[in-house]
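These are the residues of each chain, in order.
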Amino acid sequence: MKLAFAAVASFVVMTVAGPAGPDVFEGRPRFDQGDAVYYVWRDGVQWHVRWTANDRGHDFKGLVVAQGGTFSFLKENDSEKETLAYLSSQRRIYVSSDRADPGLRVPDAISLNRAVIRPDGNDKIVFDARTTNSIGGFDFTPDDSVTIMQLDLQVDKKSVPGLVRLGKGAKKATELPLVVALRGVPVS
């Protein structure tokens, strides 16, 4: 799978002209109930990409490219653990005619997650996933020599910036692929 990238100078993330600095991505966002959403954040040197899908399945495909260096760490997330934590926080009231007190309970939902996440050389991460009622994703660390990272994220074969949330503030991206200036590149 090869995804094309245009020249770095033509990209815009949020309202910042040129590559965005890594501070935009700092801190884990709160996942909302939106269907088919990406979350991208960092905690120090480690980066995280997650995707969520509610009731109906969605395809998530993408590519993360490091310029000037390599990735020193890559690990798929524990989707079962994260999905259970997410579903348990989405408590709903169910009313039953045979119970006087409906109470609160976690919804019974089938969770499906199929993902192939792999390095393509030392400077690319490629992923292809199908997710339903679940959270998928991976964690990675660029080495100290990486100057720019590009993240091309697709949902159902489309690049939709509004479906990508950045950092603790969960700000929506305005263009894809995301371009992050880590070192040596001036940020406006």
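Our subject is the structure listed above.
Residues numbered from 1 in each chain as written. Predicted model: local features only at pLDDT ≥ 70, side-chain atom pairs only at ≥ 80, totals over all residues. Heavy atoms only, no water.

1. As for the overall build of the protein chain
Each helix and strand counted, the protein chain has 1 helix and 15 strands in total. Taken across its 188 residues, the protein chain has 47% of its residues classed as buried. In the protein chain, once contacts between residues fewer than 6 apart in sequence are set aside, the share between residues at least 24 apart is 67%. Of the roughly 9,500 Å² of accessible surface on the protein chain, a fraction of 52% belongs to carbon and sulfur atoms. (Helix = DSSP H or I, 4+ residues; strand = E, 2+ residues; numbered from the N terminus. Buried < 20%, exposed > 50% of the residue type's maximum accessible area, 1.4 Å probe, protein only. Contact = heavy atoms within 4.5 Å. Areas by Shrake-Rupley, 256 points an atom, 1.4 Å probe, with all protein chains shown as cover.)

2. Thoughts on the environment of T174
Relative to the assigned elements, T174 resides in the loop between β14 (171-172) and β15 (178-181). On the accessibility criterion, T174 (40% relative accessible area) is partly exposed. For the pair T174 and V164, spaced 10 residues apart in sequence, the C-alpha to C-alpha distance is 8.6 Å.

3. Side note on the packing of aromatic side chains
In total, this model carries 13 aromatic pairs according to the counting rule given. When the ring of Y38 is compared with that of W51, the centres are 6.2 Å apart and the planes differ by 75°; the resulting orientation is edge-to-face. Of this pair, Y38 sits in strand β3 (residues 37-43) while W51 sits in strand β4 (residues 46-53), placing them 13 residues apart in sequence. For W51, a relative accessible area of 0% corresponds to the buried category. (Phe/Tyr/Trp six-rings, centres within 6.5 Å; stacked < 30°, edge-to-face > 60°.)

4. Structural notes on the nonpolar core
Inside soluble globular proteins, nonpolar side chains tend to come together where they are buried. Counting residues in each nonpolar core, the largest one holds 30 residues, and the members touching the most others are V40 and L178. Sorting the residues of this core by element identifies β3, β4, β5 (58-67), β10 (124-132), β11 (134-142), β12 (148-155), β13 (164-166) and β15 as the ones contributing at least two each. Leave out the neighbours within four places in its chain, and V40 touches F25, W47, H48, V49, L151, L153, V164, R165, L166, G167 and L178. Grouped together as the second largest cluster of nonpolar side chains are 5 residues, V37, Y39, W41 and I135 included. (Core = buried A, V, L, I, M, F, W, Y, C linked by side-chain atoms within 4.5 Å.)

5. So, the pattern of salt bridges
Taken as a whole and judged by the stated rule, the model has 5 salt bridges. Here the salt bridges do not stand alone but share partners, grouping D23, E26 and R42 into one network. (Salt bridge = Lys/Arg side-chain N within 4 Å of Asp/Glu carboxyl O.)

6. What to know about the side chain of H58
Take H58: it is sitting in strand β5. A polar side-chain atom of H58 sits 2.7 Å from a polar atom in the side chain of D156. Not counting residues within four places of it along the chain, the set of residues in contact with H58 comprises D35, A36, A53, A129, R130, T131, V155 and D156. (Polar contact = N/O pair within 3.5 Å; in protein donor to acceptor, adjacent residues only side chain to side chain.)

7. Some points on unusual backbone geometry
For residues that are not glycine, phi is negative in most cases, and the peptide bond is trans in most cases. Residue P177 is reached from L176 by a cis peptide bond, and omega for that bond is 0°. On the secondary structure map, P177 appears in the loop between β14 and β15. With phi around 50°, D156 is a residue other than glycine that occupies positive phi space. For D156, the location among the structural elements is in the loop between β12 and β13. The exposure class of D156 is partly exposed, given its relative accessible area of 28%. The backbone phi angle of K157 is positive, close to 65°, even though this residue is not glycine. Inspection of the secondary structure puts K157 in the loop between β12 and β13.

Don't take any of this as a statement about function, it's just geometry.
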